[in-house]
Number of protein chains: 2
Amino acid sequence: MSNEDAHPEFALPEIRRDPVTGAWSILAVGRSRRPGAVPGKVNGEPLCPFCPGNESLTPPEVWADRGQGPPDSPGWKVRAVPNLYPALMPEAGGRGWRRGGMVGRPAHGEHEVIVNSPDHGLSLGDMDAEEAERLIHAWLQRYRYHAAQPQVKQIQVIINHRREAGASLEHPHTQVFVLPVVTRAIRDELHEARQRAARGCNICAAAREARDDGRMIYENESWTACVPYAARAPFEVRFIPKRHDPDFAASGKDELGGMADVLTRVLKGLSNLLGNPPYNLWIHTAPCGGRDYGCYHWHVEMVPRIIIGAGFELATGMFISILAPGEAARQLRESMGIASEQ
Amino acid sequence: MSNEDAHPEFALPEIRRDPVTGAWSILAVGRSRRPGAVPGKVNGEPLCPFCPGNESLTPPEVWADRGQGPPDSPGWKVRAVPNLYPALMPEAGGRGWRRGGMVGRPAHGEHEVIVNSPDHGLSLGDMDAEEAERLIHAWLQRYRYHAAQPQVKQIQVIINHRREAGASLEHPHTQVFVLPVVTRAIRDELHEARQRAARGCNICAAAREARDDGRMIYENESWTACVPYAARAPFEVRFIPKRHDPDFAASGKDELGGMADVLTRVLKGLSNLLGNPPYNLWIHTAPCGGRDYGCYHWHVEMVPRIIIGAGFELATGMFISILAPGEAARQLRESMGIASEQ
């Protein structure tokens, strides 16, 4: 029996399978209570629950990068708290169900928010390398913590930058979804990686080919940033660590530093070029649970939300882009002050 | 060699395959010239190229439902013209290419616009049954015409309602994408249909189960409308013809009438409930080309665009919805004046 039938008002989140498309959706009724309206106001201005001093407006912190001082008080540099309106919950336990074509399972997991910094106006692209490395270090700590829990199949780390990209609060933050399933996107990428494994890693090859094809934007010692050959949208960027490893959790100090450098530089370039556009940014890494995903190569993706995806994308699963990837890379390089090749 | 390399300014559209995800995108540089700015103004108001009297602002019509009068003059009820900014073109011929992981093919096909009616303010949901049936008849005529052409693999019919759903012109219109590939969405649905074929049609079953599960919105003699069990978004609706047939092109007079009735009634209900929200609506039907797709069941889908899909959807391919499907169906029934069951 589904939770919806049992207790409509206190329904725990579910993961449901569509019998027509085979796709899974999360039904999380509790998220409908998310702010717009936040829990307090001062002089008519809404109180930001992520700003220092307002720690009592979030659930108690589960982790923080701080010096002295007790939990849930100011003084932190990065702070992790449970999402007040979770799409996945540890309480959503129990078995899956199947009634004819209606197949589902509890959305057992966690949904955490990492507040990127105490500064309400400082997005990832505005950070200096040290600030960004501190944030990425927080991602890694929380990733490793959750990956060690039983039943966890995938951990999805994302940033939604600005409301137009789906952020419900302005203060820059990261969301961590701890999932009991491997999502379609990762299954598709694993399939591609395995199909081509005999000829070497497809993502290592994609980085080399981007260089030869004029789609490289920037590279440092440990990372590359390029516009994908089949970019879904203008100025989409794929960030690829040079060392082939399936797992974000295996990243060392050098890679975190290189990651901070490549992300902040390219996002600054994007912001210069397009005037601080909304974007979605996420980590794609191998599933958790110890199986061998050696052919997979973890990476980061970023899609600016400057064009409204229309019915064609929903109807077909295929995107239409209107800017040649090589031209997008050229404009991004120019806005970053990098001389073009040739 | 890709077209982009050959003639960047006059590039023909391409379909490119992503070597990491396996997904295909269309690169259509010409669509970047789409209006906002339309080709003329009167008293400072932009001229609508889809209004009667402005026929010269579109390419010559390829089909019209009209009485007397020459082509490209007023007097039509529904009018089909090539898209001035096509994502697919008959000129984009020739062979595909493969350079390492860079795989692509010309976006050979057609991209047509059907102007739904002469009335600039009349959306599908505002139409009476006769007007809607005339429009659906136009879809069927154009569908049958394109399906008979060689090399056509799939025809995608969509409506983007309002700018927030991706419409670049306000005057209600339908887009017809004539594709040289079967898209991922249809491949996934064919896969599901085949997997379950031994137990009967999954879509016939989905309609029955929606009735038993309180997710049916409305039905007439030939159609049903329900909220899917795993709806991607609040108030998503699946419209299912009661007669199992893989192919929209096989629809008879009764089915067109029933389709006009179910679409207009439910869209009116949606508009009453949410105040004319933006939505995407599309037909899912079997691929063209004569193979046997007997297990597939064609249908129509509609997703309101009232919530901004965020990074989670892009990162995982999984949607998060915050309204229980049964509750969405109940609210839609209520707004249509249909007494709820029980």
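That block above? That's the structure.
The structure displayed is predicted, hence computed values, not measured ones. (Residues numbered from 1 in each chain as written. Chains lettered and ligands numbered in written order. Predicted model: local features only at pLDDT ≥ 70, side-chain atom pairs only at ≥ 80, totals over all residues. Heavy atoms only, no water.)

**Let's talk about the overall build of chain A**
When you go through chain A residue by residue, the secondary structure sums to seven helices and 17 strands. Its C-alpha atoms give chain A a radius of gyration of 21 Å, near enough to 20 Å, the size a compact globule of 342 residues would have. Judged by the C-alpha coordinates and their principal axes, chain A covers about 65 × 55 × 40 Å. Residues classed as buried in chain A amount to 59% of the 342 residues present. Considering only contacts within chain A whose residues lie at least 6 apart along the sequence, 65% involve residues at least 24 apart. The positive charge centre, built from 38 side chains, and the negative charge centre, built from 41, are 5 Å apart in chain A. (Helix = DSSP H or I, 4+ residues; strand = E, 2+ residues; numbered from the N terminus. Rg over C-alpha atoms; globule rule 2.2 N^0.38 Å. Buried < 20%, exposed > 50% of the residue type's maximum accessible area, 1.4 Å probe, protein only. Contact = heavy atoms within 4.5 Å. Lys, Arg positive; Asp, Glu negative; His and termini not counted. Charge placed at Lys NZ, Arg CZ, Asp CG, Glu CD.)

**Some words on the sheet that holds strand β7 (residues 97-99) of chain A**
Read from one edge of the open sheet, five strands run β7(A)-β8(A)-β1(A)-β2(A)-β17(B), paired in mixed fashion. Here the strands that pair on one side only, and so sit at the sheet edges, are β7 of chain A together with β17 (319-321) of chain B. Ignoring strand direction, the axes of neighbouring strands in this sheet form an average angle of 25°. Relative to strand β8 (residues 102-106) of chain A, strand β1 (residues 14-17) of chain A runs antiparallel, the two being bridged by four bridges. Bridge assignment links Arg-16 of chain A to a residue of β8 of chain A, and that residue is Gly-104 of chain A. (Pairing = 2+ DSSP bridges. Axes fitted to C-alpha atoms, helices over the stretch in contact; angles between N-to-C directions.)

**Focus on helix α4 (residues 202-212) of chain A**
Of all the residues in α4 of chain A, the buried ones are Asn-202, Ile-203, Ala-205, Ala-206, Ala-207, Glu-209 and Ala-210 of chain A. Of the residues one or two after α4 of chain A, Gly-214 of chain A is the one with positive phi, at around 75°.

**Let's talk about the packing of helix α5 (residues 253-274) of chain A against helix α7 (residues 325-335) of chain A**
Residues and elements named next belong to chain A. Here α5 crosses α7 at 95°, and the two axes come no closer than 8 Å. If you check the angle between α5 and α7, you find them roughly perpendicular. For the pair α5 and α7, the contacting residues are Gly-269, Leu-270, Asn-272 and Leu-273 in the first and Gln-331, Leu-332 and Ser-335 in the second. Along the lines of polarity and charge, the residues of the contact of α5 with α7 split into three nonpolar, four polar and no charged. (Parallel < 35°, antiparallel > 145°, perpendicular 65-115°, else oblique. Nonpolar A, V, L, I, M, F, W, Y, C, P; charged D, E, K, R; others polar.)

**Some details on the packing of aromatic side chains**
The tally for this structure, following the rule as stated, stands at eight aromatic pairs over all chains. Each ring, one from Phe-248 of chain A and one from Trp-298 of chain A, has its centre 5.0 Å from the other, and the planes form 50°; the classification is tilted. One end of the pair, Phe-248 of chain A, is in the loop between β14 (237-241) and α5; the other, Trp-298 of chain A, is in the loop between β15 (279-284) and β16 (299-304), and 50 residues separate them in sequence. Plain terms: the ring middles of Tyr-143 of chain B and Phe-248 of chain B are 5.4 Å apart, the flat faces sit at 80° to each other, and that makes the pair edge-to-face. Taken together, the residues span a long stretch of sequence, with Tyr-143 of chain B in helix α2 (residues 129-147) and Phe-248 of chain B in the loop between β14 (237-241) and α5 (253-274) at a distance of 105 residues. There is no split in this pair, since Tyr-143 of chain B and Phe-248 of chain B are both buried. (Phe/Tyr/Trp six-rings, centres within 6.5 Å; stacked < 30°, edge-to-face > 60°.)

**Focus: the interface of chain B and chain A**
How big an interface is tends to be stated in terms of accessible area lost as the parts join. Taken together, the 81 residues of chain B in the interface contact 81 residues of chain A. Carbon and sulfur atoms make up 59% of the area that chain B and chain A hide from each other, which totals about 6800 Å². Among the residues chain B hides against chain A, the three largest losses belong to Val-20, Tyr-229 and Leu-314 of chain B. Together they make up 12% of the total. Taken together, the links from chain B to chain A amount to six salt bridges. As a salt-bridge pair, Arg-17 of chain A and Glu-192 of chain B come within 2.7 Å of each other at their nearest N and O atoms. Where chain B touches chain A, the interface holds 28 residue pairs in polar contact (both at pLDDT 80 or more). Residue classes in the side of chain B that touches chain A are distributed as 38 nonpolar, 22 polar and 21 charged. Where strand β17 (residues 319-321) of chain A meets strand β2 (residues 24-27) of chain B, three bridges bridge the pair, whose relative direction is parallel. Bridge pairing in β2 of chain B links Ile-320 of chain A to Ile-26 of chain B. (Buried area = accessible area lost by both parts, 1.4 Å probe. Salt bridge = Lys/Arg side-chain N within 4 Å of Asp/Glu carboxyl O. Polar contact = N/O pair within 3.5 Å; in protein donor to acceptor, adjacent residues only side chain to side chain.)

**Regarding the sheet that holds strand β6 (residues 76-82) of chain A**
All names here are of chain A. The strand order β5-β6-β9-β11-β10-β15-β16-β14-β13-β12 describes an open sheet built from 10 strands, whose pairing is antiparallel. In the strand order of this sheet, the two ends are held by β5 (63-66) and β12 (216-219), each with one partner. Strand after strand, the sheet turns through a mean of 15° between neighbouring axes, direction not considered. Of the pairings in the sheet, the one linking strand β10 (residues 154-161) to β15 comprises four bridges and is antiparallel in character. The residue of β15 that forms the bridge with Ile-159 is Leu-281. Contacts from helix α3 (residues 184-195) reach β10, β15 and β16 within the one sheet, and its direction differs from that of β15 by about 55°. Against the sheet, α5 engages β12, β13 (223-226), β14, β15 and β16, with an angle of about 25° to β13.

**Comments concerning unusual backbone geometry**
All names here are of chain B. For Asp-72, which is not a glycine, the phi torsion comes out positive at approximately 60°. Locating Asp-72 in the fold gives a position in the loop between β5 (63-66) and β6 (76-82). The backbone phi angle of Asn-276 is positive, close to 50°, even though this residue is not glycine. Checked against the element boundaries, Asn-276 lands in the loop between α5 and β15 (279-284). Under the relative-accessibility criterion, Asn-276 is labelled partly exposed at 32%.

**What to know about the relation of the copies chain B and chain A**
Least-squares fitting of chain B to chain A yields an RMSD of 0.0 Å, with the superposition described by an axial translation of 0.0 Å and a rotation of 180°. In the structure described here, the two chain copies are related by an operation that fits a two-fold rotation axis. Most of the interface of chain B is mirrored in chain A, where 100% of its interface residues again form contacts. (Least-squares fit on C-alpha atoms with pLDDT ≥ 70 in both.)

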